[in-house]
Amino acid sequence: MATFSADGPRVGFFITCVADLFRPTVGFAAISLLQKAGCRVEVPQTQTCCGQPAYNSGARAMAQAQARHVIETFEGFEYVVAPSGSCMGMVREHYPSLLADDPAFAERAKVLAGKSHEILSFLIDVLDWDDVDARFDGVVTYHDTCSGLRELGIKDQPRRLLAKVKGLELRELAAPEECCGFGGTFCVKYPEISNRMVTDKVTTAQATGATTLLGGDTSCLLNIAGKAKRMELPLKVRHVVEVLAGMADGPALGDGEDGIKR
Amino acid sequence: MDSTTHTFKDNIKVALANETLVHSLETMKTGFRARRAVAVDRLPEFDALCDAGRDLKNHVLENLDFYLETFEAKVLESGGKVHWCRDSEEARKTVLEICRAADAKTVTKGKSMISEEMGLNDYLEENGVTPVETDLGEYIIQLRHEHPSHIIAPAIHVRKFQVAEAFRKAHPQYAADRPLEEPRELLDEARDVLRSSFLGADVGITGANMLIAETGSTVIVTNEGNGDLTQLLPRVHVVLASLEKIVPTLEDASLVLRLLARSATGQEMSSYTTFSNGPRRPGDPDGPEEFHVILLDNGRSNMIGTDFQDMLRCIRCAACMNHCPVYGAIGGHAYGWVYPGPMGAVLTPGLLGLEGAADLPNASSLCGRCEAVCPMRIPLPKMLRHWREKEFERHLTPKGTRWGLGFWSFFARRPGLYRLGTRVVARMLRILGGKQGHLKELGLSNGWTAVRDIPAPEGRTFMDRWASGERP
């Protein structure tokens, strides 16, 4: 357990580019959870993207430039938290090696990596907080997104938190650790392969009998929701923080007017 | 073996349309994966053994010349011979010379991926020597004129009824109406046919799962016992091995063996683990008169000292492909050369050159499951990314992608402009999404909308809403 400043840890919130654009609710839900857990949350206005599009496309110099931008934006905070396993995996697991040869940033990259956390991991592993006060009447299933699971070891944290949600029943996927087929640019470069993967994911989700699929990465969820829509399945897809924060009353990803407030 | 890696995008279309293949790959997921998980769970020290395996192989690669020369000296001492071959061409010629010197008409073969890499079967046939594969899977695909689609289960893409078809065609000596529905019936028939090949062969060729420096031994693991008959019955035994198969001691070999079968098939040990030491000695009841080791480099030594050196730790267990969702979708043939799956996507550009194999490192979602199950702790996703970096440096990355990344990078470092852009895009997509909340198509994103809809954004961006004072 870490020790915090007297008035709660000062957290720089990283919305991530995909949630910023597609799913602001994820940001508000995540911040709500952080505040309930006693954090002082700030949203630095110069944040954009963690750099994965460049990094995973082999554009190392562009990825390095982006990493430097993120470090400059967030290094002043006690902690950096994002509602994404893959973006925090990028910061924690890849920034240090990406900038290892940059004398001005090598050490700063390591420091930032050490204090950056995916939201569920931050709540449980750093704050030891699971005082969830939410209700969600329904059967859900959970997709363990790859980077969160394998780079950051996020597996039990969402389950421990979801167990606190009143009215919620969790039914596990037959293959919860199988990639959904998003993979960044992979899903548009190799749509046929990605299609097979996401079809399997959506089909196994349906097979659990759950009406909602939850997960911790907006990008993967867009892929799964997009496929469910294309297949015209009734499966709802949401980021897990929406449920944990009691903010799952609006339309699910890819759903329309009914309930849209803004 | 000829490569079709350059037509990868066409290959995957063929693979995905093949319903028999889809069915076979489903069985792989439930079989290999489940059995490995059980075997690993049963061995509490599995993780520690993986660390030890990684360290062992790293040590070997740092001292490769020493261990290979020690191995050669031991093989010579035992009366055998080591042939150092720079590439496939040299290796093929050497094998043919050995066959000719033995006046060989037929050779029996145990399973060997190096043989595939060398394109040995076609070459021998062209030169009047008949190769007979004796591993059941290899035998099946030899009859079907195919290449392996998996490194430990070469015929995983073939279903039982197709095996029966191949057998009926290739074995006219049996009654046409014989039952061939049960695996047992297929096995018995293959065993019966192969028995005469074993007895009639002049040369036996096997691969090697390991070479042991301190003893000059070669090691094979099999589940059918065909390898033993291949190397014991003919007068000449030829071992095909690539140079990274070397381990220093018998003790080290046992470490690798503890990891290999568990990772591969979920067995604690394979049914047969056979150590060979040179030709028959006076007083030995059996064994070959000649013992040759073909030591193939074929580009591997060029990988030493590069970003790709770790790949040479690979012990060919196939855990990476067994757990790979991409392999699981398209099977092995689509990869276009000898080695499929994640290990193939890293190794193939290393051995064949990146130009013809540029798709392979990109055709991965980098989900990381391969690395998680690799008993040698090979950082496969990291190396796939290294290849992508090489492609970007050499301008092999498509122009559109490069342009798109440059555009993205420009904006992503200019938060003011970025805000403006995302605000417009979010609004636009929101409007296009309309009442249903998702888009069926959008000009620029064909790859996305070809197979799935675009969930529409909520409207204003998070940063926009936050900046205007909205709070949870």
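Residues numbered from 1 in each chain as written. Chains lettered and ligands numbered in written order. Predicted model: local features only at pLDDT ≥ 70, side-chain atom pairs only at ≥ 80, totals over all residues. Heavy atoms only, no water.

> Explain the domain arrangement of chain A to me, and be specific about the residues and the numbers.
Residue and element names in this part refer to chain A. Under the domain assignment used here, chain A contains domain 1 (10-126) and domain 2 (135-244). Put simply, the middle of domain 1 and the middle of domain 2, counted by C-alpha atoms, are 22 Å apart. Residue-level contacts link 27 residues of domain 1 with 22 residues of domain 2. Taking both sides of the interface into account, the surface hidden between domain 1 and domain 2 amounts to around 1,900 Å²; carbon and sulfur atoms contribute 66%. By the criterion of area lost to domain 2, the three top residues of domain 1 are Arg23, Leu120 and Ile124, representing 28% of everything that side buries. Across the salt bridge formed by Arg23 and Glu242, the nearest N and O atoms sit 2.9 Å from each other. Seen at the junction of domain 1 and domain 2, the total is seven residue pairs in polar contact (both at pLDDT 80 or more). Those elements that place two or more of their residues in the side of domain 1 that touches domain 2 are α1 (17-22), α2 (24-36), α5 (85-98) and α7 (119-126). (Domains from an automatic or database assignment. Contact = heavy atoms within 4.5 Å. Buried area = accessible area lost by both parts, 1.4 Å probe. Salt bridge = Lys/Arg side-chain N within 4 Å of Asp/Glu carboxyl O. Polar contact = N/O pair within 3.5 Å; in protein donor to acceptor, adjacent residues only side chain to side chain. Helix = DSSP H or I, 4+ residues; strand = E, 2+ residues; numbered from the N terminus.)

> A description of the interface of chain B and chain A should follow, citing residues and the corresponding values.
Taken residue by residue, the interface counts 69 residues in chain B and 70 residues in chain A. Here chain B meets chain A over a buried area of about 6,200 Å², counting both sides, of which 61% is carbon and sulfur. Applying the counting criterion to the chain B and chain A interface returns seven salt bridges. Taking the shortest distance from any N to any O, the salt bridge between A:Arg230 and B:Asp453 comes out at 2.6 Å. For the interface between chain B and chain A, the tally reads 30 residue pairs in polar contact (both at pLDDT 80 or more).

> Tell me about the nonpolar core, and name the residues and values.
Judged by nonpolar contacts, the single largest core of 116 residues is most densely connected at A:Ile193, B:Val95, B:Met311 and B:Ile330. For this core, the element with the most residues is helix α12 (residues 250-264) of chain B, which contributes seven residues. In this view, B:Ile330 contacts A:Ile193, B:Phe8, B:Ile12, B:Ala15, B:Leu16, B:Leu21, B:Leu25 and B:Tyr335; residues no more than four positions away in its chain are not counted. Core analysis: the second largest hydrophobic core is formed by 44 residues, A:Ala19, A:Val43, A:Leu162 and A:Ala245 among them. (Core = buried A, V, L, I, M, F, W, Y, C linked by side-chain atoms within 4.5 Å. Buried < 20%, exposed > 50% of the residue type's maximum accessible area, 1.4 Å probe, protein only.)

> Explain a nonpolar patch on the surface to me, using residue names and the numbers behind them.
Residue and element names in this part refer to chain B. Together, Leu199, Leu232 and Leu233 line one region of the surface with nonpolar side chains, adding up to about 280 Å² of accessible area. Residue position: Leu232 is located in helix α11 (residues 226-232). For Leu232, a relative accessible area of 33% gives the class partly exposed. (Patch = residues over 30% accessible without salt bridge, like charges linked within 9 Å, V, L, I, M, F, W, Y side chains within 5 Å. Areas by Shrake-Rupley, 256 points an atom, 1.4 Å probe, with all protein chains shown as cover.)

> I'd love a proper account of the packing of helix α8 (residues 136-143) of chain B against helix α9 (residues 160-170) of chain B, names of residues and values included.
All names here are of chain B. In the contact formed by α8 and α9, the axes pass within 10 Å of each other and the chain directions differ by 65°. Relative to α9, the element α8 lies roughly perpendicular. When the axes of α8 and α9 are compared, the crossing they make is left-handed. Contacts between α8 and α9 pair Leu136, Tyr139, Ile140 and Leu143 from the former with Val163, Ala166, Phe167 and Ala170 from the latter. A breakdown of the residues in the contact of α8 with α9 according to their chemical character gives eight nonpolar, no polar and no charged. (Axes fitted to C-alpha atoms, helices over the stretch in contact; angles between N-to-C directions. Parallel < 35°, antiparallel > 145°, perpendicular 65-115°, else oblique. Left-handed = near helix turned anticlockwise from the far one by under 90°. Nonpolar A, V, L, I, M, F, W, Y, C, P; charged D, E, K, R; others polar.)

> I'd love a proper account of unusual backbone geometry, names of residues and values included.
Residues and elements named next belong to chain A. One non-glycine residue, Thr16, lies in the positive phi region at around 80°. A relative accessible area of 4% means that Thr16 is categorised as buried. Not every positive phi belongs to a glycine, and Glu232 is a case in point at roughly 55°.

> Any details on empty space enclosed by the protein? Residues and values, ideally.
All names here are of chain B. Taken as a whole and assessed by the stated rule, the structure comprises four cavities of 30 Å³ or more. Counted as a void, the largest cavity has a volume near 140 Å³. What lines the largest cavity is a set of 18 residues, and nearest its centre among them are Cys324, Pro342, Ser364, Cys370 and Leu384. Elements with a minimum of two residues in the lining of the largest cavity: α15 (325-330), α16 (341-352), α17 (369-373) and α18 (380-393). Along the lines of polarity and charge, the residues of the lining of the largest cavity split into 13 nonpolar, four polar and one charged. As a volume, the second largest cavity reaches approximately 90 Å³. Taken together, 15 residues make up the lining of the second largest cavity; nearest its centre are Cys314, Cys317, Cys320, Cys374 and Ile378. (1 Å grid on protein atoms, 1.4 Å probe; cavity = no way out; pocket = protein on both sides within 12 Å on 5 of 7 lines; lining within 4 Å. Points joined across faces, edges and corners; volume = space filled by probe spheres on them.)

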